[in-house]
Amino acid sequence: MTYLLGRVWGYSALVDDAEFQLKRTVVLVGMMGSGKTAIGRALAECLGVDFMDSDAAIEEAAAASIAEIFARDGEAFFRKREAEVVRRLLSGPPGVVSTGGGAFLLEDNRNAIAELGVSVWLNADLSTLWNRVRHKDTRPLLRTADPKATLKALYNERCPIYAQAALHVAVVHDASIDQTTQRVIDTLLTRPDILETA
């Protein structure tokens, strides 16, 4: 079944005015460049729920960018703040949460997401990820002498952990935001304890 049509204000719109009932917060996890923020915004628009970005919430609370927090306070400090923000975002009514690439690596975060929401892995291959992040300088973990090799190492290290997510959605390299969002909705609809059409 198809619910999406074109772009409306940069987000997806419903074709047949399908109404959804989201029962648990959807937490998008995956590598940097997998589309968590873009898909999260479109998904929230389609489902008629709030969209929340954990990185944006951290930046707002710290009045600093993620890169500045890493440089000033280190990754351990950032991960602690991130865990606090993830749990806070999960404590409200069902919505869509986009997390930073490292959030799902922490067992406490995985447990909180399993308890209060549902994790969805946006699984993009390494080539797609590199093409998306190679020209951006906002990724503190890629500020290395060989960012492509760093990305590959992170990918190999993290994918087995992302695979622990409750639901998996393959990100096709040439798929539009609408198409990937549709795949996420179709996947969520296989779980009536998470999403139903009203």
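Note: the structure precedes this text.
Residues numbered from 1 in each chain as written. Predicted model: local features only at pLDDT ≥ 70, side-chain atom pairs only at ≥ 80, totals over all residues. Heavy atoms only, no water.

1. Considerations on the overall build of the protein chain
Reasoning step 1: Across its full length, the protein chain carries eight helices and nine strands.
Reasoning step 2: The proportion of buried residues among the 198 residues of the protein chain is 46%.
Reasoning step 3: Contacts spanning at least 24 positions in sequence make up 73% of the contacts within the protein chain whose residues lie at least 6 apart.
Reasoning step 4: Approximately 9800 Å² of the protein chain is accessible, and the part contributed by carbon and sulfur atoms is 51%. (Helix = DSSP H or I, 4+ residues; strand = E, 2+ residues; numbered from the N terminus. Buried < 20%, exposed > 50% of the residue type's maximum accessible area, 1.4 Å probe, protein only. Contact = heavy atoms within 4.5 Å. Areas by Shrake-Rupley, 256 points an atom, 1.4 Å probe, with all protein chains shown as cover.)

2. Notes on the pattern of salt bridges
Reasoning step 1: Applying the stated criterion across every chain yields a total of seven salt bridges.
Reasoning step 2: For arginine 81, the salt bridge goes to glutamate 84, with nearest N and O atoms at 2.9 Å. You can see arginine 81 and its partner glutamate 84 sitting in helix H4 (residues 75-90), three residues apart, about one turn around the helix.
Reasoning step 3: One continuous salt-bridge network, built from bridges that share partners, spans Glu75, Arg79 and Glu82. (Salt bridge = Lys/Arg side-chain N within 4 Å of Asp/Glu carboxyl O.)

3. What about the environment of proline 147?
Reasoning step 1: Its place among the elements puts proline 147 in helix H7 (residues 147-162).
Reasoning step 2: Separated by 17 residues in sequence, proline 147 and tryptophan 130 have C-alpha atoms that sit 9.2 Å apart.

4. Some words on H4
Since there are 3.6 residues in each turn of an α-helix, residues three or four apart along the chain are aligned in direction.
Reasoning step 1: Its 16 residues give H4 an end-to-end C-alpha distance of 22 Å, which sits within 8% of 22 Å, the value for a rise of 1.5 Å per residue.
Reasoning step 2: Those residues of H4 that fall on the buried side of the exposure criterion are Phe78, Arg79, Glu82, Val85, Val86, Leu89 and Leu90. End-on, the buried residues of H4 take up no more than an arc of 125°, which puts them together on one face. In H4, the exposed positions that point more than 90 degrees away from the buried face belong to Ala76 and Lys80. (Expected span 1.5 Å × (residues − 1). Arc of directions from axis to C-beta.)

5. Here we look at the pairing of strand E4 (residues 25-29)
Reasoning step 1: The element E4 is largely enclosed, with a buried count of five among its five residues.
Reasoning step 2: Neither face of E4 is exposed, since Thr25, Val27 and Val29 on one face and Val26 and Leu28 on the opposite face are all buried.

6. Considerations on the packing of aromatic side chains
Reasoning step 1: Taken as a whole and judged by the stated rule, the model has two aromatic pairs.
Reasoning step 2: Both rings, one in phenylalanine 70 and one in phenylalanine 78, keep their centres 4.9 Å apart while their planes meet at 45°; by these two values the pair is tilted.
Reasoning step 3: Taking relative accessible area as the criterion, phenylalanine 70 reaches 14% and is therefore assigned buried.
Reasoning step 4: An angle of 35° between the planes, with centres 6.1 Å apart, marks the rings of tryptophan 121 and tyrosine 162 as tilted. One end of the pair, tryptophan 121, is in strand E7 (residues 117-124); the other, tyrosine 162, is in helix H7, and 41 residues separate them in sequence.
Reasoning step 5: Tryptophan 121 gets classed as buried once you look at its relative accessible area, which sits at 7%. (Phe/Tyr/Trp six-rings, centres within 6.5 Å; stacked < 30°, edge-to-face > 60°.)

Function-wise, these values are silent; they only describe arrangement.
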